[in-house]
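# Coordinate inspection notes
Read off the chains here:
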Amino acid sequence: MITLSILGSTGSIGRSTLDIVRAHPGRFRVLALAAGKNAGIAMEQAREFRPEMLSVANEIYPEIRDALAGSGIRVLAGLDGACAVSACADASVLLSAIVGEAGLAPTWEGILPGRIIALANKETLVAGGEAVVRRVKAKGARLMPVDSEHSAIHQAMRGHPWSRVRRVILTASGGPMFGRTRKELQSVTVEEALNHPTWKMGPKITVDSATLMNKGLEIIEAKWLFDLSPRQIEVVVHRQSIIHSMVEFVDGSFLAQLGSPDMRGPISYAISGEDRLDLDVKTLDFPAIAQLTFHRPDHEAFPSIGFAFRALEKGGQASIWLNAANELAVQAFLDKKIPFDGISRVQELLLEEAPENPALSLEEIQLSSVRARKVAGEKIEEMVPYHKVATVS
Ligand SMILES: NC(=O)C1=CN([C@@H]2O[C@H](COP(=O)(O)OP(=O)(O)OC[C@H]3O[C@@H](n4cnc5c(N)ncnc54)[C@H](OP(=O)(O)O)[C@@H]3O)[C@@H](O)[C@H]2O)C=CC1
Ligand SMILES: CC(=O)[C@@H](O)[C@H](O)COP(=O)(O)O
Ligand SMILES: [Mn+2]
């Protein structure tokens, strides 16, 4: 029996994880759940999966505490609550799927000896980088990627030494704005940016896919997960999202992992300790698909991939600042405060201003992020408003 602690249970990844648990009775036991503000789904999950503890956002704590009184479920709140869920010692697997850098501290607390950290929350590695990797090693835990590209690379690498790898190719769908020019991107609406062509995901990562910053974050994630040099990482646009990523070996062979775009595949692989669970994922009908296509990314219209490489080259606090800038700018765009192309402008400004000395502890990383968010907030205030450029339907 695999025992689970789940951070971000009410989100897209969290719900897909619980779908897998539901479909495999007797295989998993959910011990602890951490949700945010979605009281309805958090309550349903608590009633169905009967965890020992449930943490929710402070705002909905009184309502959930009262509703679950007498149920035997310990109800907790806020950051302390999420950290208690992740530190739940009896869970053999921690599924980390809170969105954004908010997931870093709870994930950090959950890095325990012998435990699998199934990591969906890529921002943990973008902001936490070396410090997170060092802690995983020091504690004797194991990091299993959930992000589809990194799961594909992990799967392709089974049985092969990293010394024989020439490079990895991260595939990108290109997002809903594929083919648009830099000028055309000025007037993209929130509704358009949220219309991802192949994946159904939460709003923040969906906007990241539209700017291609998702691939930027994944470049930094790959660097830390697989100890790669930036020169070993390439991005290729593959519109169908069928090939989830590839590894090229020194003998010129490529190994790829393919499948329908459905996160239950990479999640189940990670939480089951690399087993292949029976899932009702849509099969691939290759003659019906007919063509798999590949393009180079358009770096002029979508500069975020370049920013990620620049952040790795610059080092210091650059990745923390780039990530913090992106989080604030994406939220400002979703709130219809800044235009779509304002997101990459905030990223660029913060990347340039990022301090060059490294932040090596959790406290230093958090402090660096607070400073970055203050600067990003100021840049956003100075920006031309969303409604001046976007055609709001
Ligand atoms: N969705 C996908 O297919 C993929 C996602 N990822 C990564 O996984 C992570 C989650 O993505 P996704 O599931 O799409 O996001 P969602 O927006 O769908 O879900 C986010 C989850 O985080 C919770 N949450 C947000 N802020 C806090 C907080 N401060 N404290 C506690 N919980 C919080 C939300 O709670 P509530 O809703 O209750 O407020 C929700 O459960 C992201 O880092 C993303 O980049 C990676 C690859 C694929
Ligand atoms: C499912 C997943 O792993 C996402 O990160 C996905 O890769 C997003 O699609 P893009 O390729 O458009 O960024
Ligand atoms: Mn991905």
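In every chain, residue numbers begin from 1 and rise along the written sequence. The lettering of chains begins at A and the numbering of ligands begins at 1, in the order of writing. Local features in a predicted model are, by the rule used here, given only for residues with pLDDT of at least 70; side-chain atom pairs are given and counted only at 80 or more, and totals for whole chains, interfaces and linings are based on all residues.

Before going further, it helps to spend a moment on the site of ligand 1. Near, as applied to residues and a molecule or strand, means the residue's backbone-placed C-beta atom lies within 6 Å of it. Close to ligand 1 lie 28 residues, the nearest being G11, G36, N38, M201 and G202. When residues of the shell around ligand 1 are traced back to their parent elements, those giving at least two are helix 1 (12–23), helix 6 (122–139) and helix 9 (203–211). To qualify as a helix, a DSSP run of H or I must reach at least 4 residues; to qualify as a strand, a run of E must reach at least 2; elements of each kind are numbered from the N terminus. Looking at the shell around ligand 1 element by element, the count peaks at 3 residues for helix 1. Two domains each put at least three residues into the shell around ligand 1: domain 1 (2–146) and domain 2 (151–388). For the domains described, the bounds stem from an automatic or database domain assignment.

UniProt positions are given in the numbering used here, feature names are shortened, and annotations may be inferred rather than shown by experiment. When the UniProt feature table is mapped onto this chain, "binding site: Mn(2+)" (unreviewed entry) is found at D147, E149 and E218. A maximum C-alpha distance of 8.3 Å is found for the annotated residues, which run over 72 residues; spatially they form one tight group. Along the chain, D147 turns up in the loop between strand 7 (142–145) and helix 7 (148–156). By definition, residue pairs are in contact when their C-beta atoms, positioned from the backbone, come within 7 Å. If we ignore the near neighbours within four places in the chain, the residues touching D147 are A120, K122, E218 and E221. With respect to the secondary-structure elements, E218 resides in helix 10 (residues 213–226). Setting aside chain neighbours within four positions, we find E218 in contact with K122, D147, E149 and L170.

The UniProt record marks T10, G11, S12, I13, G36, K37, N38, N121, E123 and G202 with the feature "binding site: NADPH" (unreviewed entry), using the residue numbering of this structure. Sequence-distant contacts of I13, defined by excluding residues within four places in its chain, comprise G8, A97, A120, V146, M263 and I267. For G36, the location among the structural elements is in the loop between strand 2 (28–34) and helix 2 (39–49). When neighbours within four sequence positions are excluded, G36 is seen to be in contact with T10 and A57.

It is worth spelling out the sheet that holds strand 2 at this point. Each strand in a sheet pairs with another by means of backbone hydrogen bonds, the pair being arranged parallel or else antiparallel. Within the open sheet, the 7 strands sit side by side as 4-3-2-1-5-6-7. Their pairing is parallel. On the outer flanks of this sheet lie strand 4 (74–77) and strand 7, each paired with one strand and no other. Between one strand and the next, the sheet's axes are offset by a mean angle of 25 degrees, whatever the strand orientation. Two strands qualify as a pair provided DSSP detects at least 2 bridges between them. To get an axis, a line is fitted to the C-alpha atoms, and for a helix only the part in contact is used. The angle between two axes follows their N-to-C directions and goes from 0 to 180 degrees.

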